[in-house]
Amino acid sequence: MNGNTRNCKMCQKPMVYSAFSMCHNCLTEMEKVHSYVKKHPQVSVREVSEATNVSAHCVRKIVTFFLNRSMSMLW
Ligand SMILES: [Zn+2]
C-alpha cells in the first residue's frame, strides 16, 4: 500500500484515489441510475435496474449511498 489506493465505496474493489471515493465503473453506473431516476422519480429499484442494466443490488446501494450522504445534487 502506498497511500494512493483505497477501496471503492460501492464495489469495495481497490482503486486509485479519486475525489469520488468510487471506481470508474461504479461512477458510470451511478450516472446512469441518477439520470434515469431524475427523469422518472417514482420508479422502483427493479424498474431502474431493468432500464439501466445495473443490477438491482447496485441500484439499491447507489440509492442508499446518496440517501446517507444527502447529496443535494441528486434526487
Ligand atoms: Zn466500484
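Note that the structure is a prediction, hence the values are computed from the model and not measured. (Residues numbered from 1 in each chain as written. Predicted model: local features only at pLDDT ≥ 70, side-chain atom pairs only at ≥ 80, totals over all residues.)

A. Structural view of the confidence of the model for the protein chain. Summary statistics for the protein chain give a mean pLDDT of 82 and a share of 85% for residues scoring 70 or more. Ranking the elements of the protein chain by mean pLDDT puts helix H3 (residues 56-69) last with 82 and helix H2 (residues 45-52) first with 95. (pLDDT = per-residue confidence, 0-100. Helix = DSSP H or I, 4+ residues; strand = E, 2+ residues; numbered from the N terminus.)

B. Expanded view of the packing of helix H1 (residues 24-39) against H2. Put simply, H1 and H2 touch, their axes get as near as 10 Å, and they point 120° apart. In terms of orientation, H1 lies oblique with respect to H2. As H1 runs across H2, the sense of the crossing is right-handed. Together, Lys32, Val33, Tyr36 and Val37 of H1 and Val48, Ala51 and Thr52 of H2 make up the contact between the two elements. In terms of residue class, the contact of H1 with H2 is made up of five nonpolar, one polar and one charged. (Axes fitted to C-alpha atoms, helices over the stretch in contact; angles between N-to-C directions. Parallel < 35°, antiparallel > 145°, perpendicular 65-115°, else oblique. Left-handed = near helix turned anticlockwise from the far one by under 90°. Contact = placed C-beta atoms within 7 Å. Nonpolar A, V, L, I, M, F, W, Y, C, P; charged D, E, K, R; others polar.)

C. Expanded view of the environment of isoleucine 62. Mapped onto the secondary structure, isoleucine 62 falls in helix H3. Isoleucine 62 gets classed as buried once you count the C-beta atoms within 10 Å, which come to 25. With residues near it in sequence (within four places) discarded, isoleucine 62 still touches Met30 and Val33. (Buried ≥ 20, exposed ≤ 12 C-beta atoms within 10 Å, placed from the backbone.)

D. Expanded view of the environment of valine 45. Tracing the sequence through the fold places valine 45 in helix H2. Placed 10 residues apart in sequence, valine 45 and serine 55 show a C-alpha to C-alpha distance of 9.3 Å. In this view, valine 45 contacts Ala56, Val59, Arg60 and Val63; residues no more than four positions away in its chain are not counted.

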